[in-house]
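The residues making up each chain are set out below.
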Amino acid sequence: MTSHRTRRHPWRALAAVAAVLTLASGCAASGAGSEQGNGEKQDGGDLTFLIDSLGDTWIPNNSAISSFQGHIWGHVTDKLVYVDEEGAVSPWVAESWEQNADATEFTIKLKDGVTFSDGSPVDADAVVANLEIWADGRPDEGINPIGLFPTTYDSAEAVDPLTVKVSFTAPTLGFIPTLGYHGSILVSPKTLALPAEEQADLSNDIGSGPFVVKSWKEGDSVVLEKRDDYDWAPEALGKQGPATLDTVTYKIVAEPSVRTAAVQSGQADVAYNPSPQELAPFKEQGYTVAAPRYLGFVNGYALNTKVAPFNDVKVRQALQQGIDRQEILDTVYTQDWLPAESFIQSNVPGATDHSDEFAFDPDAAKALLDEAGWTPGGDGVRTKGGKKLSLTLYPNPYLATSQAVDELVAQQLGDLGFDVKIQAYDVVTYGEKVSFSNPSVPAYEVTRSFIDAGTVAGILTDSDGGENWFNVGQDDPKLAELGQQVASSVNTEEREPVLDELQSYVLKQAYFVPLTQIVQRLYLQSPKLKGVSYNGVAYANFYTAYFEG
C-alpha cells in the first residue's frame, strides 16, 4: 500500500558512500570532485557511474531496452544508424540506405572495416543474423523479439558482403529510424548462436562498440575499458578514433541520496536518477545536471478498457480531466520538465499539441462521474451499485519520481471521489505482476521510448501482433483504422495528418491519460566531466566524454 517517505540524514548518506565505494574494487573516480580544473583536456581517466540497478539478465534482446542495462549496451555495441534528440537520423555502421516507392523494401550499404571486438567483421551476414533475432527472437529459449521492432518484417538477405536487402509485408516507413532504437544493438553472430543461459553471461556478449567488458559482478558492477582500434563512430558525434576515457565503471548504489553524496564528495563522477528536488543546489555549486528528453510516449496512464470502471468512457474522461498536471510539475519536478501536449513527446517528429483535450477541469470531471452514475458517499468516496469508485496505481520503478507523482494524483482524484491505493514493487516484481491487459491492473503507467511515430500504431490494438495497450482489441474500428493508416503510410507527408487525427482520437476517448513530458534518465555529473552527449533515447554517451584537469 501507500509508502511514507522518511527524512534523509546527510551524515548517514556520507557514511554509506564510504562503505559502498570502499568495497567496490576498480571504482576510483580519477576525474571526480567539485573543484573546477584548469580547463585542460585530460587524456584517459576512469569514470565511475552510480546506478540504482543493473537488471536481472544480460541476454541482449531481453536487456538492451532496459533503462539500466541499456547504458552498458550503448557503449559495448553499435547501431546501424544514429538518432539524435530531435529524431534526426544519420549514418553509423550503415553508410547509406534506400527504400522502394511503397516502403516495403530497403537496401542498406554498410561501412567497410567495422569489426566486432573479437576481430570478426560486421558484414552483411552479421547484420542479417541480428535482424532475424530482433524480429523473431527465440521465444522457446526465453529470448524475446525486441520491443517495437516492425511486425511487418518478412526477410533479410546479404546481397554482397556490404549490402543488405530487407523486405516487409506492408509499408514500414519507420524501419530505418527504428534501427537507432536502443534495442537494435549489433551483436556478434557467435553470441547470437549461443543458448540463452550463455547469452546471459555478459562476458560472452561480443559487440563492435568503443568499449569492451573488462569485468562484471552480478548485482554489483560492470567495468568497461576502451577499445584501442575503434574508428567508426557516427559523424554526428563529431569525434573519431578510440574513446578518450580509459574505463567506465557502473556501480550499483540503491539509495539516491548516497549516489548524489558520492558525486559531491568526489568519490564518483555521475549519479543516475537523482531526486529532481536535489538539482537546484547542485547547479548552483557548478555541477552539471543533464535532463535530456527522449523520443517516445509521455509519462501517463494507459487505461484498461476491460476493467471496470474504465470500460465507461465518461469515467476515463473524468480521470483525465481530474488531474492537475501543473501541480505535479510545480511539486515534484523542476523547470527541466515540460507539460504534456499529447500522449507522445513534443520532440517526436509528427507530434501535435492536443493539450486542450485533456485540460484540468475538476468541475467537468465531477459532472462526468455524476452522469456515469457514481454517487458521492458520506466518506467522500463515490459508489455505484454498492461498489466503490476504486483505483490502484502501480508506480513504475524505472522512473525515480513515479511514486511521488502517484501520491499526488491519488490526492487529486480523492477530491473527485476516487478511492485510490498505491502498490509499489521493485523492478523484478513489477515486471512479473504489472502488465497491459492484466485484469488486476486498471491503469498501467507508461515510460516508453520509441524512435519513429510509425511504431505508435503497433501498440494501440492487437492488429498484426500489436501490444493492445488499452485492451480494446478490435472493438473500436476507428482506432484500428487510424492505426492502420499511420502504419501503412509511405511518406511523412501522407502520415502526419493521420497521426494528428489519431492523437486527437485516443485522447478524446481517454484511452491514455497524459501526465507530463518525461525525463526518465536524469544525470548529476562532476563539473570536471565534459563532452558527454545524449542520443534520441536519452542515454549518456561517454565515448565523447573527457575530464578537465
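Draft legend 1. Structural context of the overall build of the protein chain. Counting secondary structure elements, the protein chain contains 17 helices and 25 strands. For the protein chain, with 549 residues in total, the buried portion stands at 57%. The long-range share in the protein chain, meaning contacts at least 24 apart out of those at least 6 apart in sequence, stands at 71%. Here the protein chain displays about 21000 Å² of accessible surface, and carbon together with sulfur accounts for 48% of that area. Seen as two clouds, the 38 positive and the 75 negative side-chain charges of the protein chain have centres 7 Å apart.

Draft legend 2. Just the sheet that holds strand β5 (residues 105-110), in detail. Taken in spatial order, the four strands make up an open sheet running β4-β5-β7-β6, and their pairing is antiparallel. Across the chains shown, the open sheet's two edge strands, defined by having one partner strand only, are β4 (94-99) and β6 (153-160). On average, each strand axis in the sheet is tilted by 20° relative to the strand beside it, whichever way the strands run. Here six bridges tie β6 to strand β7 (residues 163-168), and the two strands are oriented antiparallel to one another.

Draft legend 3. Local environment of the side chain of H182. For H182, the position within the fold is in the loop between α5 (175-178) and α6 (189-192). A distance of 3.1 Å separates the side chain of H182 from the backbone oxygen of I65, its partner in a polar contact. In this structure, H182 is in contact with A64, I65, K79, S449, R521, V537 and Y539, ignoring residues within four places of it in sequence.

Draft legend 4. Main features of the confidence of the model for the protein chain. For the protein chain, the mean per-residue pLDDT works out to 91, and 93% of the residues sit at or above 70. Predicted confidence for residues 23-30 stays below pLDDT 50, and this span has 17 contacts to residues more than four positions away or in other chains. Confidence drops under a pLDDT of 50 for residues 32-36, and excluding neighbours within four residues, the segment shows 16 contacts in the predicted structure.

Calculation criteria
Residues numbered from 1 in each chain as written. Predicted model: local features only at pLDDT ≥ 70, side-chain atom pairs only at ≥ 80, totals over all residues. Heavy atoms only, no water. Helix = DSSP H or I, 4+ residues; strand = E, 2+ residues; numbered from the N terminus. Buried < 20%, exposed > 50% of the residue type's maximum accessible area, 1.4 Å probe, protein only. Contact = heavy atoms within 4.5 Å. Areas by Shrake-Rupley, 256 points an atom, 1.4 Å probe, with all protein chains shown as cover. Lys, Arg positive; Asp, Glu negative; His and termini not counted. Charge placed at Lys NZ, Arg CZ, Asp CG, Glu CD. Pairing = 2+ DSSP bridges. Axes fitted to C-alpha atoms, helices over the stretch in contact; angles between N-to-C directions. Polar contact = N/O pair within 3.5 Å; in protein donor to acceptor, adjacent residues only side chain to side chain. pLDDT = per-residue confidence, 0-100.

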